[in-house]
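# Topology and contacts: notes
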Amino acid sequence: MSTGAELRGHMRDLNIDWKTGKQILSIELQSDFRPYYDQYKDKELSIQIKPYRKKRSLDANALFWATVSDVSEVIRVPPRDIYRSMVRDVGGNFEILPIKDERVPIWIEKWESKGIGWVCEVMQPCRRKGYTYVIAYYGSSTYDTEQMSRLIDLALQEARQQGIPPRMTAAEIALTLERWGRV
């Protein structure tokens, strides 16, 4: 296990050390941490706790890109443009941020440099003088299972609208989605 390892588990207890007033959190881990215990024992750690979300599968990602490629050939639009358009329709994958007017172009350039699905758009001026609202969409590399499922659904829907037969049967698509907990 390297520094910054991500673990999965369940919180079990929260106790208070009555002498120091400090909280002691007990966590039940799903993987064996014993080989790494000495590496982290008595060290100050950075700890982030958040709900577990199943990661997307590479099979699902491959299905998405194969479908986008098929659509691209039919409608003669680059796959990159199709992807960036679909990212905007996923839902729950963006932030609306007030950015100083003079920083907007630089901010957008930095955001979009993270990957082709990291899309940014100017919305409108803020009420606060000298600022503009920017909507910043996260790329699919950050998506959880639900978001990736919606992205794949968008690609499959577009393929159907273009009369493109799916690369997989309905049963194979269902199995691919089931593998990462969608169905």
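Scope of this entry: the structure provided in the associated data block.

Rules used throughout
- Residues numbered from 1 in each chain as written.
- Predicted model: local features only at pLDDT ≥ 70, side-chain atom pairs only at ≥ 80, totals over all residues.
- Heavy atoms only, no water.
- Patch = residues over 30% accessible without salt bridge, like charges linked within 9 Å, V, L, I, M, F, W, Y side chains within 5 Å.
- Areas by Shrake-Rupley, 256 points an atom, 1.4 Å probe, with all protein chains shown as cover.
- Salt bridge = Lys/Arg side-chain N within 4 Å of Asp/Glu carboxyl O.
- Helix = DSSP H or I, 4+ residues; strand = E, 2+ residues; numbered from the N terminus.
- Buried < 20%, exposed > 50% of the residue type's maximum accessible area, 1.4 Å probe, protein only.
- Pairing = 2+ DSSP bridges.
- Core = buried A, V, L, I, M, F, W, Y, C linked by side-chain atoms within 4.5 Å.
- Contact = heavy atoms within 4.5 Å.

Let's shift gears to a nonpolar patch on the surface. The grouping of L7, M11, L14, L25, I27, L29, L45, I47 and I49 at the surface amounts to a nonpolar patch, some 830 Å² of accessible area in total. At the level of elements, strand 1 (9–16) and strand 2 (23–29) are the ones that each hand at least two residues to the nonpolar patch. Sorting elements by how many residues they give to the nonpolar patch places strand 2 first, with three residues. In this structure, L25 sits in strand 2. A relative accessible area of 36% places L25 in the partly exposed class.

Let's shift gears to the pairing of strand 4 (residues 119–125). Taken together, the six bridges between strand 4 and strand 5 (residues 131–137) define a ladder with antiparallel strand orientation. The residue of strand 5 that forms the bridge with Q124 is Y133.

Counting residues in hydrophobic clusters, the biggest one holds 23 residues, and the most contacted among them are F64, M86, L151 and I152. Of all the secondary structure elements, the ones that give two or more residues to this core are helix 2 (58–75), helix 3 (79–87), strand 5, helix 5 (145–161) and helix 6 (170–179). Leave out the neighbours within four places in its chain, and M86 touches F64, V68, L151, L154, A155 and E158. Formed by eight residues, the second largest nonpolar core is a distinct cluster that contains I99, V104, W118 and C120.

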